[in-house]
Amino acid sequence: MNSHAPNIRPVIRQLDDAAINRIAAGEVVERPASAVKELVENAIDAGAKRISIDVADGGKTLIRVTDDGCGISADDLPLALSRHATSKIDGSDLLNIHTFGFRGEALPSLGAVGRLTITSRVPGEGAAEISVAGGEIGAVKPAALNSGTVITLRDLFYATPARLKFLRTDRAEAQAITDVVKRLAMAEPFIRFELRDVSNDPRTVFRAEAQSGDVVAALKGRLRDVLGGDFTDNAIAIDAERDGLHLTGFAALPTYSRGAAVAQFLYVNGRPVKDKLLTGALRAAYFDFLSRDRHPAAALFVDCDPQLVDVNVHPAKSEVRFRDPGVARGLIVSGLRHALAEAGHRASTTVAGATLGAMRPEPTEPRVYQMDRPSLGPRAPIDTGFAEMAQDFSAQVVETPQPMSNSEEASTDLPLGVARGQVHENYIVAQTATGMVIVDQHAAHERLVYEKLKRQMAENGVAAQALLIPEIVSLSAGDCARLLEISDDLARFGLGIEAFGGDAIAVRETPAILGEVDAKAMIHDILDELADLGSSQSVQAKVEAILSRVACHGSIRSGRRMHAEEMNALLREMEATPHSGQCNHGRPTYVELKLADIERLFGRT
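Every value quoted in this text rests on a predicted model; they were computed, and no experiment measured them. Starting afresh in each chain, residues are numbered from 1 along the sequence in its written order. Local features are withheld for residues below a pLDDT of 70 in this predicted model, meaning they are given only at 70 or higher, and side-chain atom pairs are given and counted only at 80 or more; totals for whole chains, interfaces and linings count all residues. Water and hydrogen atoms were dropped before computing side-chain values, which therefore reflect all heavy atoms in the structure.

Enquirer: Explain the environment of Ser487 to me, using residue names and the numbers behind them.
Expert: As for its position among the elements, Ser487 is in helix 16 (residues 487–492). Sequence separation between Ser487 and Ile497 is 10 residues, and the spatial gap between their C-alpha atoms is 6.6 Å. Each polar contact in these results corresponds to two N or O atoms within 3.5 Å; when the atoms are within protein, one needs to be able to donate a hydrogen and the other to accept it, and residues that are neighboring in sequence are counted only if both atoms are side-chain atoms. Of the polar contacts made by the side chain of Ser487, one reaches the backbone oxygen of Leu484; its length is 3.0 Å. For the purposes of this entry, the term helix denotes a DSSP run of H or I that reaches at least four residues, the term strand denotes a run of E that reaches at least two, and both are numbered from the N terminus.

Enquirer: Quick one: what's the story with unusual backbone geometry, residue by residue and with numbers?
Expert: It is generally the case that most residues other than glycine have a negative phi and that most peptide bonds are trans. The backbone phi angle of Asn269 is positive, close to 55°, even though this residue is not glycine. Within the fold, Asn269 resides in the loop between strand 12 (264–268) and strand 13 (271–273). Relative accessibility decides the category of a residue: with a 1.4 Å probe and only protein chains considered, values under 20% of the type maximum give buried, values over 50% give exposed, and everything between is partly exposed. According to the relative accessible area criterion, Asn269 is partly exposed, its value standing at 32%. Even without being glycine, Glu425 reaches a positive phi, approximately 50°.

Enquirer: Could you give me a rundown of the side chain of Asn568, with the residues and numbers involved?
Expert: Among the structural elements, Asn568 can be located in helix 19 (residues 564–576). In contact with Asn568, other than residues within four places in its own chain, are Gly417, Val418 and Ala419. Residue contacts follow a heavy-atom distance rule, with two residues in contact if any of their heavy atoms lie within 4.5 Å.

Enquirer: Account for helix 15 (residues 477–485), naming residues and giving values.
Expert: Each turn of an α-helix holds 3.6 residues, which means side chains three or four residues apart point in the same direction. Considered for burial, the residues of helix 15 that qualify are Asp479, Cys480 and Leu483. The buried side chains of helix 15 occupy one side of the element, clustering within an arc of 100° when seen end-on. Seen from the open side of helix 15, the exposed residues pointing more than 90 degrees away from its buried face are Ala477 and Glu485. Along the arc lie the directions from the helix axis toward the C-beta atoms.

Enquirer: Requested: an account of the sheet that holds strand 22 (residues 496–499), with residues and values cited.
Expert: Pairing between strands is defined by DSSP: at least two bridges between them are needed. With antiparallel pairing, three strands are arranged side by side in an open sheet as 21-23-22. Each of the sheet's edge strands pairs with one partner strand only, and the pair in question is strand 21 (464–474) and strand 22. Taken over all neighbouring pairs, the strand axes of this sheet differ in orientation by 20° on average, direction set aside. Sheet topology places strand 21 next to strand 23 (residues 504–511); seven bridges connect them, and they run antiparallel. Bridge pairing in strand 23 places Ala466 opposite Glu509. To get an axis, a line is fitted to the C-alpha atoms, and for a helix only the part in contact is used. The angle between two axes follows their N-to-C directions and goes from 0 to 180 degrees.

Enquirer: Tell me what's going on with the pattern of salt bridges, and back it up with residues and numbers.
Expert: Whenever Lys or Arg places a side-chain nitrogen within 4 Å of a carboxyl oxygen from Asp or Glu, that contact is recorded as a salt bridge. Taken as a whole and judged by the stated rule, the model has 17 salt bridges. Between Asp170 and Lys60 there is a salt bridge, with the nearest N and O atoms lying 2.9 Å from each other. With Asp170 in helix 6 (residues 170–187) and Lys60 in the loop between strand 1 (50–56) and strand 2 (62–67), this pair connects stretches of sequence that are 110 residues apart. Its relative accessible area of 35% is what places Asp170 among the partly exposed residues. Here Glu592 and Lys594 are joined by a salt bridge, their closest N and O atoms 3.1 Å apart. Judged by its relative accessible area of 26%, Glu592 is partly exposed. Overall, Lys594 belongs to the partly exposed group, its relative accessible area being 37%. Each member of the salt-bridge network shares a partner with another, and the members are Arg192, Glu194, Arg207 and Glu209.

Enquirer: Talk me through the side chain of Ser120; I want residue IDs and the actual numbers.
Expert: The residue Ser120 is located in strand 3 (residues 115–121) in this model. Residue class for Ser120 comes out buried when judged on its relative accessible area of 1%. Setting aside its immediate chain neighbours within four residues, Ser120 contacts Gly71, Ile72, Gly126, Ala127, Ala128, Leu145, Gly148 and Thr149.

As structure tokens, this is what we get:
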């Protein structure tokens, strides 16, 4: 690997400023999106209220950032292009940082690898301009500008052509720039952002108007602009505090989950970060509600004294290090879990939208309804066959001729309404004051049993019922060993096991809440769960995952007919139980259809 001759001693040389700046640019400016990030952060630090970004060819040929911030005086322009020259810190305390930038590397790094021009004006002075190309700084010249700063970067990486070969297509680079601008815009709801692509046919790619009002309302409005109305309609506000750390933001309901971790936005003191500690805490908070192939959606903001977090641990400042990582992780997990518990039985509205979309027929030709046709006079009664159709219902709630009692009238005003029937021995149909609800009885009851098991275990352990005759389950020696290793944990939720020879275990107790249960099937499910989790999960995570499997064995099975009293009791229990809007795998337990939407399906509106 060594290129020098073995008898020649290598000489240490001091690199010139141009080489130093290009090396720094390799750390700070990875791609056009990195340059946009640095320039927009500078505009935010300058107190701008309006920021406009123009790009061409994915940022490879042009990046222009215009702001109405405080500006840079003509005397300071040459210094702004010097390495480690900044107005944001004095160098005495690198932990007391209140701005995005603090190293003074961005502008000289960009000037070392591209053609950079800065035009700026401070109040009470004339505008000035300075240019730098490939590290060669020009003279300061007078310019025309009303206020603020305009930074134009052309031909990025022209001075380092090898870097151009590693860039992706214009479309991919433009998408990366859009993602960066959106991430920054989410944290600054009171600033107007506009991103335009001026390559050939100029167009606005993204625009977010400045929000007004209190911080929570402004943040929700900005998230609606960036992430869409579906997210904000199905997200819950987060506000929690612990040991000097304050957590705010919005987190989506478990039923509004994604197939990849593409809708997770984390900020520390307003700075967007991609930190393993924080993303791990977010995942842990939803561990109880989502299957392992689904990911939560959230925009979370952690604010604290700058002394409690070190942002100077990554060249692009995308990672942070907390003084007490456990406090940060615990705050996110507990804050999210409390907020999700307060959401009760609420489920994502996108579920109903998807249901209505599946039911809506393809438009063909204008429909002509019977009421639109001329009357043909009185006709003989037609046998509708409803009596025969009624036999297809699994169970019916038979209406009596007497008027409804006050309690029955009140039940339709409850969130999940009153049961009207059961279809296919699996789905409960309920009527609410504003529409109807369809409940998956097995998924809903599975969640209720799971929540009861968790509550009992947290209080004093799950009550166990002893089997009159222990059930012997034959297993491999390895499976026996794995189960016996966690026998104490299994006993906490009412499952008592002990060794029975070298290749079997005896099940002596099962959780009382489950009633009669297939112990052999439960043991095999627990082994499957342990195999899926592997050794990376904590003991608590494993116990909760096993509880979820156990709950399935005690829930109402699909194909069981239910009486009206049972159906209504299930609805009332769902309303009173947190997290009952989704099953143990994050799928919805019920779908609510509004009467107005149903009427639209039939063309009544």
